[in-house]
Amino acid sequence: MRSIVRASGRFHSHEGWLNACWHFSFGDYYDRSNMGWGALRVFNDDRIAVGGKFELHPHANYEIITVMLEGELEHTDSAGHWGILSANGVQAMSAASGVFHSEGNAGKKETHSLQIWIEPAKKGGTPTWDSHSFKPSDFENKLCALVSGIEKQKAPLHICQSAAVYRARPGPGKSIPHSFLGSHAFVYVVSGTLKIGSDTLGTADSMKIKNEKKMDFETGADGADFVLIELP
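Conventions used here
- Residues numbered from 1 in each chain as written.
- Predicted model: local features only at pLDDT ≥ 70, side-chain atom pairs only at ≥ 80, totals over all residues.
- Heavy atoms only, no water.
- Buried < 20%, exposed > 50% of the residue type's maximum accessible area, 1.4 Å probe, protein only.
- Helix = DSSP H or I, 4+ residues; strand = E, 2+ residues; numbered from the N terminus.
- Pairing = 2+ DSSP bridges.
- Axes fitted to C-alpha atoms, helices over the stretch in contact; angles between N-to-C directions.

1. Side note on the pairing of strand 19 (residues 206–210)
Okay, so step 1: Taking burial as the measure, the five residues of strand 19 include four buried ones, the bulk of the element.
Okay, so step 2: Two elements, strand 17 (residues 184–196) and strand 19, share five bridges in a ladder whose sense is antiparallel. For Y188, the partnering residue across the bridge sits in strand 19 and is S206.

Right, here's the structure in full:
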């Protein structure tokens, strides 16, 4: 089963300092028929203006992943963690039993990042946070595992769920085969053109996938940059 959401079908929120597109019910956008996909609860494409900031606020019982595309993002939380995430960096925070955190633009240009919330395998526990800096070459012509809680799929960052987040940047006319480890998946095209079977996705298009065993991700003449999330 495959279902496409075009870029124009996302909910758009623009608050001056924050320009965001939400794929599932979030904040001021509520749609009881669009509350997530499998264990994926939030997928936001965020742009934060210079000086913009999510002030200190609480979270609990979510695995929160940030995939940094452009700029610099500063993280602080009540568990004592701090870090600055740059382009191609990824951070993973387990909110667990509860934590306060803030995220702000730490640079001199707009930030662009993907914010992903995944429900944990079980609630509670001690909050954790970690980050990893990837190189652009890590994504070239292959799926690079950024974060994983799947036993068979190793990654630099861990989450408390049988899920994994990948990023790939295949060049023009490339094909990447992938065998799924879970029943649900979500694909988001950061840029370029991606072909999945008879379907073609463009920049900011997404696809929800269910009960597929294997797929080939093929690029058009302009190549592609995309994120794949596997879920139980």
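2. Thoughts on the sheet that holds strand 10 (residues 99–105)
Okay, so step 1: Taking strand neighbours across the sheet as the criterion, the four strands line up as 5-10-7-8 in an open arrangement whose pairing is antiparallel. Two strands bound the open sheet, and with one partner strand each, they are strand 5 (53–59) and strand 8 (82–86). In this sheet, adjacent strand axes meet at a mean angle of 20 degrees when their direction is disregarded.
Okay, so step 2: Sheet topology places strand 7 (residues 72–77) next to strand 10; five bridges connect them, and they run antiparallel. Of the residues in strand 10, the one forming a bridge with E74 is G104.

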